[in-house]
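Examination of the molecular architecture
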Amino acid sequence: MVQKYQSPVRVYKYPFELVMAAYERRFPTCHLIPMFVASDVVDEETSEDGSTNRVERRCALDVDAPRLLKRIAGVDYVYFIQNNTLNRKERTLHIESHNETFSNRVIIHEICCYSVHPENEDWTCFEQTASLDIKSFFGFESTVEKIAMKQYASSIKKGKEIIEFYLKELEDEGITHVPRWTPSSSSSSSSSSSLSLPPPRPTSLSDSPPVLPKLTVTPAVSIPLPADANDSDSQDAKQDSSALQGDNVSEILAGTPDDKLDADYIKRYLGDLTPLQESCLIRLRKWLQETHKGKIPKDEHILRFLRARDFNMDKAREILCQSLTWRKQHQVDYLLETWSSPQVLQDYYTGGWHHHDRDGRPLYILRLGQMDTKGLVRALGEESLLRHVLSINEEGLRRCEENTKVFGRPISCWTCLVDLEGLNMRHLWRPGVKALLRIIEVVEANYPETLGRLLILRAPRVFPVLWTLVSPFIDENTRKKFLIYAGNDYQGPGGLVDYIDKEIIPDFLGGECMCEVPEGGLVPKSMYRTAEELENEDVRLWTETIYQSASIFKGAPHELLIEIIDASSVITWDFDVCKGDVVFNIYHSKRAPQQPRKDPLGAHGITSPGGNNVQLIDKSWTLGQDYSMVESPLTCKEGESVQGSHITRWPGFYILQWKFHNMPACSATNLPRMDDVLATLQVSSHKCKVMYYTEVLGSEDFRGSMTSLESSHSGFSQLSAATTSSQSSSMISR
């Protein structure tokens, strides 16, 4: 595989001629680069007017490779051929080099260029590209590739410092100006000729001079840049970079083909990157400019995808292109301008931005334990919730950019604080969890490396159940950023104050800062929308695919068969009583019921669009003999929402039954109540309707969390009591 490298534009705040004078001092050897042993001039020619000078050198490198590998290769030094072309008139130096040693097995090609800065003629730019292609190397191809890339990365990292070292040396000698070449001045031409032949950049593999066996290798010397000079230069670089790019950053990020990344810009806005990481960023950006139709993402965005795939170019390019297509299809770039948060979200979505953490990252607070997840899904639908979460992520990216400017350092991610006080089995409502998983999947795919830290506070006993369900869908690198605190552990050493300033800790966590995040509460059921209403609005709902509706009549219950192979499986359910009152039962049978019988609704003179009625328990079956009850019956009133789970004890066939609830007669008399008499006159009173969803989870899905599940008293009546006025009780079958 061909390894490629492309550098950012490195800027020297010195004129081109002075930089060339410093560059010339690196030959024939450079004591700052011990591996650059020697160089010999093989050929040289100069144009008649003296404006152009071409030099060919043979350079030798003492590569830091294992002794065994050197013995197998039969060489002590690696030789390179370097061609330098200095154009004094155009003020450019082009350097091209390739390896002479093992050229039939390894191909190394490097191109470097010094040129005048396009916006400041008194500054000099440097950039380089290189490629490494190992055809064969005695079976050590992988080892040689690693050695070569390591050597190359370590040498180019010092490139700018070395030039600045020689510039400082010239300054100490009183040389602060070298006149430009002019065709009419012989002295000027002569002065320039001294710069004629800048050898290959010793910062790269191709920069090593040819070695003579008798030459001794100069020991490594540290680069004694004065701290004050270095600091001031760095400070000036920031100011100049800001002046140079501050107002033009948006233009740079717009992604025109001629744009190049400046090294100072990378450090200021993207952070410290290794040379190879810088190369990956620039190459991927260049590839997008050449091939991608549409808006080119910002460099911070590209960098996130590279980090998410450990700077594997092919993998990062694949997921980035998929994400760009997704953003275009769904117009995500315009989401903040077009998305208007519904009032129900403003009132009941318990999340919001709150200052920043100690590292300057935007801080988002989510009081998940106080959120009515089911109510929000039923009132809005999954798509609206997803769009809201996406708008939060888009806002987070915007805040990161703002904080980068405010704090003067790269801030590419945010911190999320999740308060779980109040979390219970209600939050494990299966459709809600599934909606959460889909949201996680979308966010992971399109916003990688945006979460810097996740603080989970006051995790209750039920949390392991939720974590078991959700964690497999979260990237491993993301999971490493999670810090989980149970109870009040977050208030002690190593707690919240280590990550958030004491002054901004929210009041509901024991701090003194008022937090504007909504307190949440139950979403009124009057705000729930039916599947039909949402369908008319052309909104794709999760409920359209996972919920089923059923009609229930007197003498014709609706029954659902669930076959259990492994004992200790978990049957979960969620249903809403849309009309009438029903009794919910769970039965177990060792034998399978006969083919389900569908009741013809015409027999009752009633039609039920979208509804169904299935009966499984044969009338000849005897309770306690052919089948048994495993949960106490639960009476559910019209309008109630019921969620729950049952841990099975035996394999076999489980039957969930919804049956018509007959209202009892008045206890004071044998005569029927007036309400009952009036009800019998209405055909519709003989019909109930439920909308339900069920799922079976294998015991392995709750490995390590079964105790937590049982300790949460997950009988359906307990869950129902959290959202309705029902006070019935139910025991978990043991």
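A brief look at the structure comes next. (Residues numbered from 1 in each chain as written. Predicted model: local features only at pLDDT ≥ 70, side-chain atom pairs only at ≥ 80, totals over all residues. Heavy atoms only, no water.)

1. A closer look at the pattern of salt bridges
A full pass over the atoms with the stated rule returns 27 salt bridges. With its nearest N and O atoms 3.7 Å apart, the salt bridge here joins arginine 453 to aspartate 357. In this pair, arginine 453 sits in strand β12 (residues 451-459) while aspartate 357 sits in the loop between β9 (351-356) and β10 (362-366), placing the two residues 96 residues apart along the sequence. The burial state of arginine 453 is the same as that of aspartate 357; both residues are buried. The closest approach of N and O atoms between arginine 591 and aspartate 626, which form a salt bridge, is 3.0 Å. You can see arginine 591 sitting in the loop between β17 (582-589) and β18 (597-598) and its partner aspartate 626 sitting in the loop between β19 (614-615) and β20 (628-629), a full 35 residues away along the chain. (Salt bridge = Lys/Arg side-chain N within 4 Å of Asp/Glu carboxyl O. Helix = DSSP H or I, 4+ residues; strand = E, 2+ residues; numbered from the N terminus. Buried < 20%, exposed > 50% of the residue type's maximum accessible area, 1.4 Å probe, protein only.)

2. Examining the packing of aromatic side chains
Applying the stated rule across the entire model yields 19 aromatic pairs. Ring centres of tyrosine 12 and tyrosine 114 lie 6.4 Å apart, and the angle between their planes is 25°; on these two criteria the pair is classed as stacked. With tyrosine 12 in strand β2 (residues 10-12) and tyrosine 114 in strand β7 (residues 106-117), the pair connects residues that are 102 residues apart, well separated along the chain. For the pair shown, tyrosine 12 and tyrosine 114 are each scored as buried. Taking the centre distance of 4.9 Å and the plane angle of 75° together, the rings of tryptophan 353 and tyrosine 364 count as edge-to-face. Within this pair, whereas tryptophan 353 is found in strand β9, its partner tyrosine 364 is found in strand β10, the two being separated by 11 residues in sequence. Put simply, the rings of Tyr12, Tyr23, Phe27, Phe36, Tyr114 and Phe126 touch in pairs and so form one group of aromatic residues. Above the plane of the ring of tyrosine 269 lies arginine 268, whose end atom (NZ or CZ) is 4.6 Å from the centre. (Phe/Tyr/Trp six-rings, centres within 6.5 Å; stacked < 30°, edge-to-face > 60°. Lys NZ or Arg CZ within 6 Å of the ring centre and 35° of its normal.)

3. Considerations on the pairing of strand β24 (residues 687-697)
In terms of burial, β24 is a largely internal element, 8 of the 11 residues being buried. With 9 bridges connecting them, strand β16 (residues 570-579) and β24 associate as antiparallel partners. Looking across to β24, one finds that phenylalanine 575 is bridged to tyrosine 692. (Pairing = 2+ DSSP bridges.)

4. Brief notes about the packing of helix α15 (residues 382-407) against helix α16 (residues 430-446)
Between α15 and α16, the least distance of the axes is 10 Å, while the angle of their chain directions is 35°. Handedness of the crossing formed by α15 with α16: right-handed. From α15, Glu382, Glu383, Leu385, Leu386, Val389, Leu390 and Asn393 reach across to α16, where they touch Ala435, Arg438, Ile439, Val442 and Val443. Class assignment for the residues of the contact of α15 with α16 results in 8 nonpolar, 1 polar and 3 charged. (Axes fitted to C-alpha atoms, helices over the stretch in contact; angles between N-to-C directions. Left-handed = near helix turned anticlockwise from the far one by under 90°. Contact = heavy atoms within 4.5 Å. Nonpolar A, V, L, I, M, F, W, Y, C, P; charged D, E, K, R; others polar.)

5. Regarding helix α4 (residues 159-172)
Counted at 1.5 Å a residue, the expected span for α4 with its 14 residues is 20 Å, and the 20 Å between its end C-alpha atoms agrees. When we look at burial in α4, the residues that qualify are Gly159, Lys160, Ile162, Ile163, Glu164, Phe165, Tyr166, Leu167 and Leu170. A positive phi of about 90° marks glycine 174, the residue just after α4. (Expected span 1.5 Å × (residues − 1).)

6. A closer look at the packing of α16 against helix α17 (residues 463-470)
Close contact between α16 and α17 brings their axes to 10 Å; oriented N to C, the two are set at 50°. If you check the angle between α16 and α17, you find them oblique. Note on packing geometry: the crossing formed by α16 with α17 is right-handed. Facing α16, whose interface residues are Arg430, Val433, Leu436, Leu437 and Ile440, α17 presents Leu466, Leu469 and Val470. In terms of residue class, the contact of α16 with α17 is built from 7 nonpolar, no polar and 1 charged. (Parallel < 35°, antiparallel > 145°, perpendicular 65-115°, else oblique.)

7. Description of the sheet that holds strand β13 (residues 482-486)
Pairing between sheet strands relies on hydrogen bonds along the backbone, with the strands arranged either parallel or antiparallel. As summarised here, the arrangement of the 5 strands in space is β9-β10-β11-β12-β13, forming an open sheet in which the pairing is mixed. What marks the edges here is a single partner per strand, and that holds for β9 and β13. Here the average twist between neighbouring strands, direction ignored, is 20°. Strand contacts of α15: β9, β10 and β11 (414-419), with the helix running at about 10° to β9, the strand carrying the most contacts.

8. Some words on the state of the cysteines
Following the criterion strictly, the structure yields 0 disulfides and no others. Here cysteine 515 is not disulfide-linked; the sulfur of cysteine 513 is the nearest cysteine sulfur, at 7.1 Å. (Disulfide = S-S within 2.5 Å.)

9. Quick notes on the nonpolar core
If you look at the biggest cluster of nonpolar residues, it comprises 55 residues, and the most contacted ones within it are Tyr349, Leu376 and Leu420. Mapped by element, the contributors of at least two residues to this core are α13 (343-348), β10, α14 (373-380), α15, β11, α16, β12 and α17. Ranked by the residues each element gives to this core, the list is headed by α15, at 7 residues. (Core = buried A, V, L, I, M, F, W, Y, C linked by side-chain atoms within 4.5 Å.)

10. A few points about the side chain of threonine 350
Mapped onto the elements, threonine 350 comes out in the loop between α13 and β9. With residues near it in sequence (within four places) discarded, threonine 350 still touches Ile365, Leu366, Arg367, Leu368, Gln370, Met371, Val517, Pro518, Glu519 and Gly520.

11. So, the pairing of strand β23 (residues 652-660)
Of all the 9 residues making up β23, 8 are buried; the element is thus mostly covered by neighbouring parts of the structure. Judged from the 7 bridges that link them, strand β15 (residues 558-564) and β23 form a sheet pairing that is antiparallel. Residue pairing in the sheet places glutamate 563 in a bridge with phenylalanine 653 of β23. In terms of strand pairing, β17 meets β23 through 8 bridges, oriented antiparallel. Residue pairing in the sheet places histidine 588 in a bridge with tyrosine 654 of β23.

12. Regarding unusual backbone geometry
The step from phenylalanine 27 to proline 28 runs through a cis peptide bond, and the omega angle for that step is 5°. Inspection of the secondary structure puts proline 28 in the loop between α1 (16-24) and β3 (36-46). Despite not being glycine, phenylalanine 311 has its phi angle at roughly 60°, a positive value. Looking at the element boundaries, phenylalanine 311 is found in the loop between α10 (299-308) and α11 (313-329). A relative accessible area of 16% means that phenylalanine 311 is categorised as buried. At histidine 355, a residue that is not glycine, the phi angle is positive and equals roughly 55°. Along the chain, histidine 355 turns up in strand β9.

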